Amino acid sequence: MTMKRLSIAIVGVLALLAVAAFATIWQPELDEVDEHSMVGADQSQIARGYDLAQLGNCQSCHTAEGSEPYAGGRALATPFGTIFSVNITPDRETGIGTWSQEAFSRAMRKGVDREGTHLYPAFPYTHFTKMTDADIDAVYAYLRSVPAVRNEAPDNSLPFPYNIRALMAGWNLLFLDDGPLQAVGGQSEAWNRGRYLVDGVAHCSACHTPRNSVGAEDSSAALAGAEINGWYAPALAGEGARGWTKPQLATYLSTGFSRAHGAAAGPMGETVADLAKVAPADISAIATYISSLTDERAATIAVVDNGVPDNLAAAHDLWVGACASCHEPSAATGQGGKNPSYGVALSTGYAVHSPQPLNTVRTIVGGVDFYRDMGGPYMPGFEGSLTTVQIAELTRYVRARFSDGAAWDDVGGTVQNALSKGNRQ
Amino acid sequence: MSISIEVNGTKHDIDGDPSMPLLYALRDQIGLRGAKFGCGLGQCGACTVIVDGRAVFSCLMPVSALEGRAVTTTEGLLEDGKPGKVHQAFIDEQAAQCGYCISGMVMRAQHLLERNPDPSDDGILTGMQTNLCRCGTHAAIIRAVKRAART
Amino acid sequence: MTSFAQNLTRRSLLKGAGGLVVAFSASRGFGPAAAQETGTLKSVAEGVVDSYLSIDADGLVTIYSGKIDYGTGVRTGFAQMVAEELSVPLDRVGVIEGDTALTPDQGPTYGSLSIEVGGKAIRQAAATAREAMLDAVAERFSVGKEKLSITDGVIGGGGGEEISYSELLKGAHFFLDVDENAKLKDPKTFTIVGQSITRNGLPGKITGAFHYMQDFKIDGMAHARVVRPPAMEATLDNVDESSIAHLPDVQIVRKGNFLAVVAETEWTAVRAARELTANWTTMESLPDQAKIWEHVRQTPIVKDDVTSDIGDVDAAKGEREITATYDFALHTHGSIGPSCSVADFSNGKLVSWSSSQATHRLRRQLADMFSIPTDDIRCIYIEGAGCYGRNGHEDAAADAALLSREIGRPVRVQWMRHDEHGWDPKGPPTLIDLSARIDDAGEVSAWKGEFFIPQGAGGRVALLGANLADLPTSQDLNPGGIANDSAIPYGFPNVRTTCHRLETTPLRPSWIRAPGRMQNTFANESFLDEIAAELGVDPLTYRRGLIDPSDGRGLEVLDRLKEFSKWEERPSPRSQQGETSLTGRGMAYVKYELRRTYVGVVADVTVDANSGGIRVDRFYVAQDCGQIINPAGVHAQLEGCVIQTTSRTLMEDLTFDRKMVTSLDWASYPIMRFKDVPEVHIDLIERPNDVPWGVGEPAAAVVSAAISNAVFDAASIRLRSVPFKPAKVRAALAEMRG
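Structure report, in brief. Every chain is numbered independently, its residues counted from 1 as its sequence is written. For this description, chains carry letters from A and ligands carry numbers from 1, given in the order in which they are written. Local features are withheld for residues below a pLDDT of 70 in this predicted model, meaning they are given only at 70 or higher, and side-chain atom pairs are given and counted only at 80 or more; totals for whole chains, interfaces and linings count all residues.

## Some details on the overall build of chain A
Each helix and strand counted, chain A has 17 helices and six strands in total. Each radius of gyration is computed over the set of C-alpha atoms, and the globule rule expresses the reference value as 2.2 Å times the number of residues to the power 0.38. For 425 residues, the compact-globule formula gives about 22 Å, and the C-alpha radius of gyration of chain A, at 23 Å, lands near that figure. The C-alpha extent of chain A, read off along each of the three principal axes, is 70 × 50 × 45 Å. Between the buried cut of 20 or more and the exposed cut of 12 or fewer other C-beta atoms within 10 Å of a residue's own C-beta lies the partly exposed class, and all C-beta atoms are placed from the backbone. Taking all 425 residues of chain A together, 50% fall into the buried category. The helix count covers DSSP runs of H or I at least four residues long, the strand count covers runs of E at least two residues long, and both are numbered beginning at the N terminus.

## Some thoughts on the interface of chain A and chain B
A pair of residues counts as a contact when their C-beta atoms, built from backbone coordinates, are within 7 Å of each other. Opposite the 15 residues of chain A that make contact, chain B presents 18 residues. Ranked by residues supplied to the side of chain A that touches chain B, first place goes to helix α13 (residues 313-327) of chain A with eight residues. Polar here means any residue outside two lists: the nonpolar Ala, Val, Leu, Ile, Met, Phe, Trp, Tyr, Cys and Pro, and the charged Asp, Glu, Lys and Arg; Gly therefore counts as polar. Taken together, the residues of the side of chain A that touches chain B sort by class into nine nonpolar, five polar and one charged.

## Focus on the environment of A:Tyr371
Relative to the assigned elements, A:Tyr371 resides in the loop between α15 (358-366) and α16 (388-402). Between the alpha carbons of A:Tyr371 and A:Val352 there is a distance of 22 Å; along the sequence they are 19 residues apart. Filtering out sequence-adjacent residues up to four positions away, A:Tyr371 remains in contact with A:Gly256, A:Gly376, A:Pro377, A:Tyr378 and C:Ala667.

## Description of the interface of chain C and chain B
Taken together, the contact pairs 43 residues of chain C with 45 residues of chain B. Listed by contribution, the elements that provide at least two residues to the side of chain C that touches chain B are α7 (202-207), α8 (266-275) and α17 (631-650) of chain C. The element best represented in the side of chain C that touches chain B is α17(C), accounting for seven residues. Class assignment for the residues of the side of chain C that touches chain B results in 20 nonpolar, 14 polar and nine charged.

## Focus: the nonpolar core
Note on terminology: a nonpolar core is any set of buried Ala, Val, Leu, Ile, Met, Phe, Trp, Tyr and Cys residues joined through C-beta atoms within 7 Å. Core analysis: the biggest nonpolar cluster contains 392 residues, and C:Val82, C:Val261, C:Val601, C:Val702, C:Ala706 and C:Val711 have the highest contact counts within it. Dropping the residues within four chain positions of it, C:Val261 is found in contact with C:Ala224, C:Arg225, C:Val227, C:Val250, C:Gln251, C:Ile252, C:Ala269, C:Ala272, C:Ala273 and C:Leu276.

## Observations regarding the sheet that holds strand β5 (residues 93-97) of chain C
All names here are of chain C. If you trace the three strands from one edge of the open sheet to the other, you get β3-β4-β5, paired in mixed fashion. The open sheet terminates on both sides in strands that have one partner only, identified here as β3 (53-55) and β5. Each strand of the sheet is rotated relative to its neighbour by a mean of 20°, with strand direction disregarded. DSSP-based pairing: two strands are paired if at least 2 bridges between them are found. One ladder, built from three bridges, connects β3 with strand β4 (residues 61-65); its direction is antiparallel. Across the sheet, the residue bridging to Ser54 is Thr62, located in β4. Axis definition: a line fitted to C-alpha atoms, over the contacting stretch in the case of helices. Angles run 0 to 180 degrees between N-to-C directions. Contacts between helix α4 (residues 74-86) and the sheet are confined to β4 and β5, with β5 contributing the most and set at about 135° to the helix.

## With respect to the sheet that holds strand β26 (residues 679-684) of chain C
All names here are of chain C. In space, the four strands of this open sheet follow the order β23-β24-β25-β26, with mixed pairing throughout. Each edge of the open sheet carries a strand with a single partner, namely β23 (581-591) and β26. When strand polarity is set aside, the average angle formed by the axes of neighbouring strands in this sheet is 15°. Relative to β26, strand β25 (residues 614-624) runs parallel, the two being bridged by six bridges. Residue pairing across strands places Arg618 opposite Glu679, the latter belonging to β26.

## Things to note about the pairing of strand β11 (residues 251-255) of chain C
Residue and element names in this part refer to chain C. Where β11 and strand β12 (residues 258-263) come together, five bridges link them in antiparallel fashion. Across the sheet, the residue bridging to Arg254 is Leu259, located in β12. From the end of β11 to the start of β12, which pair antiparallel, there are two residues, and Gly256 there has a positive phi angle of about 60°.

See below:
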């Protein structure tokens, strides 16, 4: 059976399930609350909600480029069509200003909005449902405290049958395991705290776990790595995962950079820009949990330098003029003095070792600039200065020189695709 | 090995190492010293020039990548040897202290205005964000870009 | 104005009959032909008119200034002062700066003293010259001196007879001592001083035509790059020459631990420095940065400088005591263009071109380094990227001189970004303890300040290249006049301020804009705000009440500030709870070094109560700097003071490990970009009848405290540690919430 036919079959099943389940999972519209319902909210509760919102990277999806925070409208490309994030500021007309704490909690746990309409799992309620009531209430308190912005998000552009929201009732029966996460006995408090954050509010597996044909995470391949928005989110667990020590990961998550692993780029760059504002104890807990899923002993990555590839002399000229000042291994790994602060030998990072050229190409094209204004790993994008052909040549060059992997397929197509996307998509 | 590049409408043959960034070709071989060495890392923008309509860091632009492409430097914005529109707006606002970043600022502003002749205040800040100034001339530079947009 | 600019930048020196004259040349600046001579080519002694001034046979006036312009606009200010005093058009006045063969040693260009001290000397020389020429003409025309008038450099006798300066002088020297009593022009008659003039060199800086040090070339010049050790203390074990065998015509120069590469083209030199393999033995000579303030507190004190001692602080009455500790991070100068120098060392004589702020001192340092007489050295200033203090310029000059001597041809050294960030001298870490006692009447009875700052003053900072090559250079610490403004301008009954001068400080210190004054004023003005809050009084009114009532200029600055910033009298903090975006305003005041420029500022800030981010929305600056020479220049300096210091206050934090500096670029040492720039509103108090004071530093001194005080007003938290990074703000907010 082809994927498409499988998908249609599953949609059929979802529809049947939805009809069957309707009576039990029908969700009523909940009452509006008045404008001033949160006046006098506890400052420390709001601060806690802020931290959780950073852990959840909420602002990133709920803010369109150049727009006000949390006012929605960012286009999220999914295999099913484009979904636009909604306005979650307290605006009463276009945001969630009329939502009660109960309505917000229901959305976080069951994926249903105040009016009782089903939301799509691009909003990761399958993870948020694992949060405690206190944490969900804190996020609510925080979102009530941000400035209200009037902004109507565009309508989603989903083709039939994905535009039938009621189908999600069936989907939820299959894939939503609602209710808070229970601690695992025998593990440390930090480990359990980390797991709670990773599976819950931080929803790491939303990017790092492959999805099935109807967009649900494949629980048999949890955190095994997945393509997401034209980037590849590397495996964090299992065979494909690189080893991370806890300190390496804590540093990476709080600064966007690890000398042993390189810089966070693309969607992870956005994520880390938020994690930088989170309490160190939470970062440490996440690092405790995730590093335990990897082989921590393998956390030192050998430097690979196969020398200048014979057939890529022209690319070597590009390398020397455009890349070597930061990434020539002798400069980047030599003790201080010659290299800029965040230059690393490219064999350090995951991108050149990945089975696909996605991350290497996207990084050359768009650079790493989440930290430009505040300090942190930075790399300029070469989209304007190098041509498609030159970027492709350079991509082949770094693969051949700095990894022992086989040459990548369709590098040119990947470059063209990346150039057409721009950096933020 | 010689590479032919077009700068401000004139062809130049660049000799030597094809990996040499455009910045050194401009300053040492062609004799255009407006583009400045600031970091060599694409971080500060003092070397900014326009290539095929895009503002780029000339310090990270190997000449071998330039065959058949058109480069514009701050000298290319002169009109009959006199300051061009963006130049004049910067002069009128006295938008330079030490001035070392200013050629890059002028080129960044030129690129911004080529793309959007009537930028919003926020559009100016976003457009200029790439380039660093250490003297604190930012306020005057912003006034200059606004003035250039008006004229 | 164009011709004015051309005059200034397109001169070279030729020797002509009747002494030194100035002539135009093509756009070469000082070419090697003119520069081969060392020693002195004209009078450079202080107190002699010819040292500061010449008028050539064409009537062009040349100023010889020991103080230099590195983007501040003082060159224009000097020209305005002289043009005014001599009654010549501005475009007939040129300025030569910082050439040891031509300009007097007026001391380094630091401390906001260029106009105040350097300009004063030049102006007095011009007045002396004018009076002497008037005396001569009065005699020649046999008329009373008071009948004479001057228009555009021509002296008229009142009866139709006239003679120009050039006809009078015929290119000759003045042979006059500067007359300290020579009458200066009445400011009421000024037509040039006080006018906003486009700064000299500015159009060329904008079109790309300006010649910076980094653009300077001479015939036969080779390109060099230095290769610094991977630790502040390291020994060079060996160099693998084969590692750069693929690059053409590269010479490796090694002398002790000094290592450099010299090539025919600049790019080859860049590559060679990058690709050269060298092995070093490194040492961990730096303290643990995580414990920097413990380190500073534990550093041995070599002496105490008591900078004010009024009454008896220990005997002061009162039970309430408030104390606070402030610290201010290490900063780098952060010039946008790394340091650069060209040197020609031949036949035992050295000509050095650099952007040194102190060419006469550099000459003596190079004489020590190479053990040759100062007369065999000529140091010539060429404007480079702004340095804001003693950055790496002099070190690059030492590098170039050493390399030129070693390879026997002219050499240009251009530091790379990591050389500049890693090896320029730094603003030292500053730790300050303050305490105040409050008596039963609610008045401050005692103020006590203790400043933990390195020993030394503004002398000769050791030359890096000399140290590495094991050649002679002074090893003293030279952080600048950092004890200044530790004493306060407020009249408490008992005050004692003590600077504990520390034996050592991490990394080589030097001065950066408002050295010490910035750190000390940050602490003093923040602490005064803490006292005002403790007493529940308006911080501006409180300061006003503490200033010596006879100091009308200080009072006027505060009054003007209050009016134009629309300051509302109330104590801090503002009461506002339950908001995430907290706005506040704070102020600070300084009487620079307790004797000159007065500045009062108000800062408006917005604090994000969640992220801890601070946005400085706007600054109001009220300043009395005495007579204003060029208002446009003063405005530029004040905007620069506010914006640059806001960057330093919010973001800048030099990092290092046990071996060396680790913030080697702009990614690891971020500075402010456009989106974070505050509005700056300026109110200048005009005092044309008073002497002019400096403006490049004083306003920088008050910025950090004003921001800290505004954050307190907004969010009820005290930020006592510069920079005010979001993590520190978040921690303070969390502590306050409990």
